[in-house]
Amino acid sequence: MHVSKMFVGVAGIAIVGAALTGCTAGSTTGSSTGGASSDATLSSRGPITYVQGKDNNNVVRPLIDKWNAAHPDQVVTFKEQSDQADQQHDDLVQHFQAKDQNYDVVDVDVVWTAEFAAKGWLQPLTDTMAIDTSGLMKPTVVSATYNKTLFAAPQTSDGGMLYYRKDLVPTPPKTWDEMMKDCDIAKTAGIDCYAGQFADYEGLTVNVSEAINTAGGSIVAADGKTPTLNTPQAKAGLTKLVAAYANGNIPKDAITYQEEQGRTAFEAGKLLFMRNWPYVYSLASTDGSSTVKSTFGVAPLPGDTGTGASTLGGHNAAISVYSQHKATAHDFLTFLESAETQKFFVTQASNAPVLSSVYDDASLQAQFPYLATLKTSIDSAVPRPVTPFYPAVTKAVETNAYAAIKGDKTVDQALADMQTAIETASSGN
């Protein structure tokens, strides 16, 4: 996404399972802690502020201009944050903790929804605040859900895809084993086989989650706090990455790769396969330095027997419980989810829409050939751990998975250490 932020392409989850539940660390009812929410604010209209990370692609400003022209008495002001996801997160936390009434609608990375909802900072989208989710892709709705309650409006989505050299592999592999066999083609061509995002950072959690979920495992249970890594499925998933690195199918340099390093290597013709986000498509097609402009294709991530489990990325728009004009905020969420706005996200910034119908638009399909593959990716995706303790959970996953891939820990030890670290985080110790 690049991980956890809106970017030039699409920034990636169909959930396989029941609705999410979670422990409650704060109010998750219709009213917030400290009485910040009231019936009066739910029906109140007036000026609001929308908070989001840096608007690199000039998407937000034109949309707000359009809204303001139609709603002169309910003007939206744009509060632009930095382009760094951790800074965006910390800024939101600080303003929530201060009960700031001026952060009305906030852009929330999908992995922050549970954390913020559990702390009682997000207005539940129920009753008069409910939004129509019938046309939205199911995984995007689940990404905005915590404790069986919708707390945000899906705004943009994302999913991982497999980039491959169609001049060397005319038919992309449908399973992991098929892809590993195709690595012989890479060796014959004198290039490396497969890379994802394997550096010690958030992107590794994305890739490890995909491996474990594809194998039928999970990282945390539906309660958002109980680790579930002591399973044959979790071991099978992580083992695939470890084995591929050990035998060279994943090249040694790949443990330094974030999104951009992998993209650069693929565009330079050094990789047969690459897992990455859709933003790469336009760059690999147009970059002056790209050697694969006409020789690459995209396909769903390979799984055990078919399409694998991608990791959902993207962003949701949420209403702060401290907003004094929640009726306006609610209408602004609806505006962001309209078909017209969703198409604008695609054409202006190549952001993945959350409305299923947009993917079937013939004119968009002609302009963005990867849309059908992306829809498959999102439909088959699974989220990263949905937990109010996400920062600690992702640190446990990435640190220990990195050690396992490098060979510094066995798979069993890495999973055991993940399990212990997550148990400690969720117990508050």
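Residues numbered from 1 in each chain as written. Predicted model: local features only at pLDDT ≥ 70, side-chain atom pairs only at ≥ 80, totals over all residues. Heavy atoms only, no water.

Remarks on the packing of helix α7 (residues 202–214) against helix α15 (residues 390–406)
Part 1 of the reasoning: Relative orientation of the contacting elements α7 and α15 amounts to 75 degrees, with a least axis distance of 8 Å. When the axis of α7 is compared with that of α15, the two are roughly perpendicular. Residues Glu202, Leu204, Thr205 and Val208 of α7 touch α15, and the partners they reach there are Tyr390, Thr394, Val397, Glu398, Ala401, Tyr402 and Ile405.
Part 2 of the reasoning: Here the contact of α7 with α15 is built from residues that sort into seven nonpolar, two polar and two charged. (Axes fitted to C-alpha atoms, helices over the stretch in contact; angles between N-to-C directions. Helix = DSSP H or I, 4+ residues; strand = E, 2+ residues; numbered from the N terminus. Parallel < 35°, antiparallel > 145°, perpendicular 65-115°, else oblique. Contact = heavy atoms within 4.5 Å. Nonpolar A, V, L, I, M, F, W, Y, C, P; charged D, E, K, R; others polar.)

Some points on the confidence of the model for the protein
Part 1 of the reasoning: In this model, the protein carries an average pLDDT of 90, and 91% of its residues clear a pLDDT of 70 or more.
Part 2 of the reasoning: Note on residues 4–37: pLDDT is under 50 here. Beyond four places in sequence and across chains, it has 141 contacts. (pLDDT = per-residue confidence, 0-100.)

As for the pattern of salt bridges
Part 1 of the reasoning: Within this structure, the stated rule accounts for 17 salt bridges.
Part 2 of the reasoning: Lys240 serves as the salt-bridge partner of Asp304, at 2.2 Å between the closest nitrogen and oxygen. Note that Asp304 is positioned in the loop between β10 (296–299) and β11 (313–319) and Lys240 in helix α8 (residues 232–246), a separation of 64 residues in sequence.
Part 3 of the reasoning: Lys240 sits in the partly exposed class, given a relative accessible area of 26%.
Part 4 of the reasoning: Taking the shortest distance from any N to any O, the salt bridge between Lys409 and Asp417 comes out at 2.7 Å.
Part 5 of the reasoning: Accessibility expressed as a relative area gives 28% for Lys409, which makes it partly exposed.
Part 6 of the reasoning: If you follow the salt bridges from partner to partner, you end up with Glu260, Arg263, Glu267 and Asp287 in one network. (Salt bridge = Lys/Arg side-chain N within 4 Å of Asp/Glu carboxyl O. Buried < 20%, exposed > 50% of the residue type's maximum accessible area, 1.4 Å probe, protein only.)

A few points about the packing of aromatic side chains
Any aromatic ring pair is given by two values, namely how distant the centres are and how the planes are angled relative to each other.
Part 1 of the reasoning: Counting across every chain of the model gives 17 aromatic pairs.
Part 2 of the reasoning: With centroids separated by 5.8 Å and ring planes inclined at 50 degrees, the aromatic side chains of Phe116 and Trp121 adopt a geometry described as tilted. The exposure classification of Phe116 matches that of Trp121, with both residues buried.
Part 3 of the reasoning: An aromatic cluster is defined as three or more aromatic residues linked by ring pairs; in this entry it consists of Tyr163, Phe266, Tyr281, Phe296, Phe368 and Tyr370. (Phe/Tyr/Trp six-rings, centres within 6.5 Å; stacked < 30°, edge-to-face > 60°.)

Overview of the nonpolar core
Side chains that are nonpolar tend, in soluble globular proteins, to be buried together.
Part 1 of the reasoning: By size, the foremost hydrophobic cluster in this structure holds 129 residues, and its most contacted members are Phe116, Tyr163, Tyr194, Leu238, Phe273 and Phe332.
Part 2 of the reasoning: Ranked by the residues each element gives to this core, the list is headed by α15, at eight residues.
Part 3 of the reasoning: Look past the residues within four positions of Tyr194 in its chain and what remains in contact with it is Leu162, Trp176, Met179, Asn249, Ile250, Pro251, Leu271, Phe273, Met274 and Arg275. (Core = buried A, V, L, I, M, F, W, Y, C linked by side-chain atoms within 4.5 Å.)

Concerning empty space enclosed by the protein
Part 1 of the reasoning: Taken as a whole, the largest cavity holds about 210 Å³ of empty space.
Part 2 of the reasoning: In terms of lining residues, the largest cavity is bounded by 17 residues, among which Trp176, Glu210, Ala211, Thr214 and Pro302 are the most central.
Part 3 of the reasoning: Of all the elements in the fold, those that place two or more residues in the lining of the largest cavity are α6 (176–189), α7 and α8.
Part 4 of the reasoning: Its residues placed into classes, the lining of the largest cavity shows nine nonpolar, four polar and four charged. (1 Å grid on protein atoms, 1.4 Å probe; cavity = no way out; pocket = protein on both sides within 12 Å on 5 of 7 lines; lining within 4 Å. Points joined across faces, edges and corners; volume = space filled by probe spheres on them.)

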